[in-house]
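# Summary of the model geometry
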Amino acid sequence: MPTITKLVQTSGLYPCMRVDLDGRYAFSLEPEVAMHLKEGQCLSEDELETLLRANERERAQAAALRALGHRPYSRQEMAQKLARKHFDEDTTAQVLANLTARGLLDDAEFARFWRDNRDAFRPRSRALVGLELRRKGVAVDAVNSATADMDDEASALQAGEKKAKTLKGADYDTFYRRLGDYLKRRGYNYEVIKVTINKLWQAQM
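Residues numbered from 1 in each chain as written. Predicted model: local features only at pLDDT ≥ 70, side-chain atom pairs only at ≥ 80, totals over all residues. Heavy atoms only, no water.

The next subject is the overall build of the protein chain. A count of helices and strands for the protein chain gives 10 helices and three strands. Counting from the amino terminus, helix and strand elements in the protein chain follow one another as β-β-β-α-α-α-α-α-α-α-α-α-α. Seen through its principal axes, the protein chain has C-alpha atoms that stretch 85 × 35 × 20 Å. A total of 205 residues make up the protein chain; the buried ones form 39% of that total. Counting only contacts in the protein chain whose residues sit at least 6 apart along the sequence, the fraction spanning at least 24 positions is 54%. Carbon and sulfur atoms make up 49% of the accessible area of the protein chain, which totals about 12300 Å². A distance of 8 Å separates the average location of the 34 positive side-chain charges in the protein chain from that of its 31 negative side-chain charges. (Helix = DSSP H or I, 4+ residues; strand = E, 2+ residues; numbered from the N terminus. Buried < 20%, exposed > 50% of the residue type's maximum accessible area, 1.4 Å probe, protein only. Contact = heavy atoms within 4.5 Å. Areas by Shrake-Rupley, 256 points an atom, 1.4 Å probe, with all protein chains shown as cover. Lys, Arg positive; Asp, Glu negative; His and termini not counted. Charge placed at Lys NZ, Arg CZ, Asp CG, Glu CD.)

See the structure below:
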C-alpha cells in the first residue's frame, strides 16, 4: 500500500495540502479533506479512491460557495457552472442537494432576486423576466409568484426615461421609432409602449 511520506500545507488564496506518496508528489487535497491524514500513514486503493472522491466534492462545494458569495444562483445555473469546471454529474448532484438542504440554493429566492435586480437596474416586461427565469431552469410556479405584481407600465416608464434623454431634439417620428424599438426589445407590448412614448414625449414638451 502507498505510504504518505510528506504533507505540506500551502498558503495563498486557495490553500491546500500537498501529499507525497512513497517519496513522490501524488496530489493536492482541500484542507478539510486532508485534516485526518498524517505522515507514515498507509492508504489502501479503496481509501485513496474515497479520499479523492471526497476531495472532488469539497472542491465543487467550495467553487459553488464562492459563486454564491457574489449573487444567488438557480439550481440549473449552478449545475451548468460546475459542469464548466469539469465536475462530474454525481459530484454536482451531491453539492446541489447539500446546498439546497442548507437553504443556500433556492429557486424561489433566486427568482425574487432576479426580478428585483431587473426592476432596479435593467427594467424588463413581466413576460421577458419570466422568460429569462424559465431559461435559467426556474419552475413556472416560482416564476409566476416572483413576477405576479410586476407593473409593466411603471417599469416601461422607468426604462424609457433614460433612453428619452438621449433623444432630446429628435422629431416625433424619430422619437417614437427609436424609443419604441428600445422598449420592444425589453419585452413590452404595443399598448404599453404607446402609452409610455406619449408620456415621455409630453414630458419633453
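Once the structure has been displayed, the description carries forward.
All right, on to the packing of aromatic side chains then. Taken as a whole and assessed by the stated rule, the structure comprises five aromatic pairs. Measuring from centroid to centroid gives 5.2 Å for Y172 and W201, while their planes differ by 80 degrees, and the two rings are edge-to-face. On the criterion of sequence distance, the pair formed by Y172 in helix α9 (residues 172–185) and W201 in helix α10 (residues 190–204) is long-range, its members being 29 residues apart. Exposure remark for Y172: the relative accessible area of 31% places this residue in the partly exposed category. You can call W201 buried: its relative accessible area is 18%. Ring pairing ties together the aromatic residues Y172, F175, Y176 and W201, which thus form one cluster. Lying over the aromatic face of Y14, R66 brings its terminal NZ or CZ to 4.4 Å of the ring centre. (Phe/Tyr/Trp six-rings, centres within 6.5 Å; stacked < 30°, edge-to-face > 60°. Lys NZ or Arg CZ within 6 Å of the ring centre and 35° of its normal.)

A separate point is the packing of helix α8 (residues 152–165) against α10. Contact geometry for α8 and α10: axes closest at 9 Å, N-to-C directions at 45 degrees. Accordingly, the angle class assigned to the pair α8 and α10 is oblique. Taken as a pair, α8 and α10 cross one another with a handedness that is right-handed. For the pair α8 and α10, the contacting residues are D152, E153, A156, L157, G160, E161 and A164 in the first and V192, V195, T196, K199, L200 and Q204 in the second. Classifying every residue of the contact of α8 with α10 gives six nonpolar, three polar and four charged. (Axes fitted to C-alpha atoms, helices over the stretch in contact; angles between N-to-C directions. Parallel < 35°, antiparallel > 145°, perpendicular 65-115°, else oblique. Left-handed = near helix turned anticlockwise from the far one by under 90°. Nonpolar A, V, L, I, M, F, W, Y, C, P; charged D, E, K, R; others polar.)

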